[in-house]
Amino acid sequence: MSHASDSQFVNFRDTAFSYDGKTLVFDGLNLSVPQGQFLCLLGGNGSGKSTIAKHINALLVPDAGEVEVFGKNTADPEFTYFIRSNAGLVFQNPDDQLVASLIENDVAFGPENLGIPNPELRQRVTDALAEVGLQGFEEHETFALSGGQKQRVAIAGILAMDPAILILDEATAMLDPRGRKGLMRVVRQLHEEGMTIVMITHFMEEAAQAQRIVVLDKGRIRMDGVPDEVLVRAEELQELSLEVPFACRLSLELRRRGVDVRPCITEEALKEELCALNSKM
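The model shown is predicted, which means the values in this text are computed figures rather than measured ones.

K.L.:
Please clarify how the sheet that holds strand β10 (residues 220-225) should be interpreted in this entry.
P.N.:
Sheet strands pair by backbone hydrogen bonding; their relative direction is either parallel or antiparallel. Taken in spatial order, the six strands line up as β6-β7-β8-β3-β9-β10 in an open sheet, and their pairing is mixed. In this open sheet, the two edge strands, each paired with only one partner strand, are β6 (87-90) and β10. With direction set aside, neighbouring strand axes in the sheet form an average angle of 15°. Each of β3 (38-43), β7 (165-169) and β8 (196-200) touches helix α6 (residues 177-192); the most contacted strand, β8, lies at about 150° to it.

Here is the structure:
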């Protein structure tokens, strides 16, 4: 990433925010995201997840405390454009983000507004579509795409701006299982290439693919750790109306019945455990 400084991270310091001036979504929130991390935010409705996402993108600014993104204070209007150009936010419904009828024009919209000249602009569009597995789709019409393809076009539009952070606010919620898998493949690939990812989801199988999970409850951080630590806390997650991954439920049930397997959060890990157990018998 060429145009953000080395301090590519997010810092919430004693942050408070309210939409109506009365009810606080969070108060005294402290949260840091290091450069290159893949963070997943979990929590029930009203826990503050989307509000945090909008603070990272400077769509919202705190009432108290401060939020710094790339070392810049989001409340300073001088930095708003820079932050929004470098922290790309993808929403739940791709139709809310698509602006043009042709895919290439849609993907070019963001970088064009940044003043990226041709032919670099064309190259960015081509590269961004390749990143999301839609190479050769430049001249297709956006309305004819499936939900998963539309969401990938929305992500390509963000990638063409060359952001340092990709924020996904329930970006897979409206997709079918195949669309969700395809999108998660893209997200993992981008993370492997060094992009910082902040993902909000209610699908635990997706959360299991992150490096770090922060669980929010009424604007407070209830859990913060790697997926293997967080997603096995079944009772606490259920108290917060959060599902536990299928593999985790099954491995915990097997343990309760005396089967010597460790708690697993992915089906692959559980398969390995059961195969290893089988080979000892």
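K.L.:
Explain the side chain of Glu68 to me, please; I cannot follow it from the model alone.
P.N.:
Considering the arrangement of structural elements, one finds Glu68 in strand β4 (residues 64-69). Engagement of the side chain of Glu68 in a polar contact is seen with the side chain of Arg13, the distance being 3.4 Å. Not counting residues within four places of it along the chain, the set of residues in contact with Glu68 comprises Phe9, Val10, Asn11, Arg13 and Asn73.

K.L.:
Looking at this model, I keep getting lost on the pairing of β6. Mind explaining?
P.N.:
Sheet faces and side chains relate simply in a regular strand, where the side chains alternate between the two faces. In β6, alternate side chains face the same way, and those of Ala87 and Leu89 on one face and Gly88 and Val90 on the other are all buried. In the sheet, β6 pairs with β7 via four bridges, with the strands oriented parallel. Among the inter-strand pairings, Ala87 is bridged to a residue of β7, identified as Ile165.

K.L.:
It is not clear to me how the environment of Thr74 should be interpreted in this structure. Could you clarify?
P.N.:
With respect to the helices and strands, Thr74 occurs in the loop between β5 (72-73) and α2 (80-86). Taking the C-alpha atoms as reference, Thr74 lies 51 Å from Ala276; in sequence the two are 202 residues apart. Setting aside its immediate chain neighbours within four residues, Thr74 contacts His55, Ala58, Val61, Pro62, Val67, Val69, Thr80 and Ile83.

K.L.:
Before we go on, may I ask you to explain the sheet that holds strand β2 (residues 24-33) in this structure?
P.N.:
Read across the open sheet, the four strands follow the order β2-β1-β4-β5; overall the sheet is antiparallel. Each edge of the open sheet carries a strand with a single partner, namely β2 and β5. As defined by bridge partners, β4 adjoins β5 across two bridges and the pair is classed as antiparallel. Residue pairing across strands places Glu68 opposite Asn73, the latter belonging to β5.

K.L.:
Is there a simple way to explain the packing of aromatic side chains in this structure?
P.N.:
When we look at a pair of aromatic rings, we describe it by the centre distance and by the angle of the planes. Under the criterion given, the structure shown has four aromatic pairs. Consider the rings of Phe12 and Phe26, whose centres lie 6.4 Å apart with planes at 85°: the pair is edge-to-face. Placement of Phe12 in strand β1 (residues 10-18) and of Phe26 in strand β2 is noted, with a sequence separation of 14 residues between them. For Phe26, a relative accessible area of 2% corresponds to the buried category. Pairing Phe70 with Phe82 gives two aromatic rings, centres 5.9 Å apart and planes at 85°, and the pair type is edge-to-face. Taken together, the residues Phe70 in the loop between β4 and β5 and Phe82 in helix α2 connect sequence positions 12 residues apart. By relative accessible area, which is 23% here, Phe82 ends up partly exposed.

K.L.:
What is the right way to look at the nonpolar core in this model?
P.N.:
The nonpolar side chains of a soluble globular protein tend to be buried with one another. In terms of nonpolar packing, the biggest core is built from 52 residues, with Leu42, Val107, Leu166, Leu168, Ile197 and Val215 touching the most fellow members. It is helix α5 (residues 147-159) that provides the largest number of residues to this core, a total of six residues. The contacts of Val107, once residues within four sequence positions are left out, are Val125, Ala128, Leu129, Val153, Ala156, Gly157 and Ala160. Within the second largest apolar cluster, 28 residues are counted, among which are Phe17, Val25, Ala87 and Ile200.

K.L.:
Could you clarify how one ought to interpret helix α3 (residues 103-113) in this entry?
P.N.:
Since the α-helix advances by 3.6 residues per turn, residues separated by three or four positions end up pointing in the same direction. For α3, every residue scored as buried is listed here: Ile103, Glu104, Asp106, Val107, Ala108, Gly110 and Pro111. Its buried side turned inward, α3 meets α4 (120-131) and α5. Residue Gly115 follows α3 closely and has a positive phi angle near 85°.

K.L.:
Where do I start with the pattern of salt bridges in this structure?
P.N.:
Oppositely charged side chains can form a pair if their charged atoms are brought close together. By the definition in use, this model includes 15 salt bridges. We note a salt bridge from Arg222 to Asp217, for which the minimum N-O separation is 2.8 Å. Across the pair Arg222 and Glu239 runs a salt bridge, and its minimum N-O distance is 3.7 Å. Taken as a pair, Arg222 in strand β10 and Glu239 in helix α9 (residues 234-239) lie far apart in primary sequence, 17 residues in all. Arg222 sits in the partly exposed class, given a relative accessible area of 34%. One continuous salt-bridge network, built from bridges that share partners, spans Asp217, Lys218, Arg222 and Glu239.

Procedures and definitions
Residues numbered from 1 in each chain as written. Predicted model: local features only at pLDDT ≥ 70, side-chain atom pairs only at ≥ 80, totals over all residues. Heavy atoms only, no water. Pairing = 2+ DSSP bridges. Helix = DSSP H or I, 4+ residues; strand = E, 2+ residues; numbered from the N terminus. Axes fitted to C-alpha atoms, helices over the stretch in contact; angles between N-to-C directions. Contact = heavy atoms within 4.5 Å. Polar contact = N/O pair within 3.5 Å; in protein donor to acceptor, adjacent residues only side chain to side chain. Buried < 20%, exposed > 50% of the residue type's maximum accessible area, 1.4 Å probe, protein only. Phe/Tyr/Trp six-rings, centres within 6.5 Å; stacked < 30°, edge-to-face > 60°. Core = buried A, V, L, I, M, F, W, Y, C linked by side-chain atoms within 4.5 Å. Salt bridge = Lys/Arg side-chain N within 4 Å of Asp/Glu carboxyl O.

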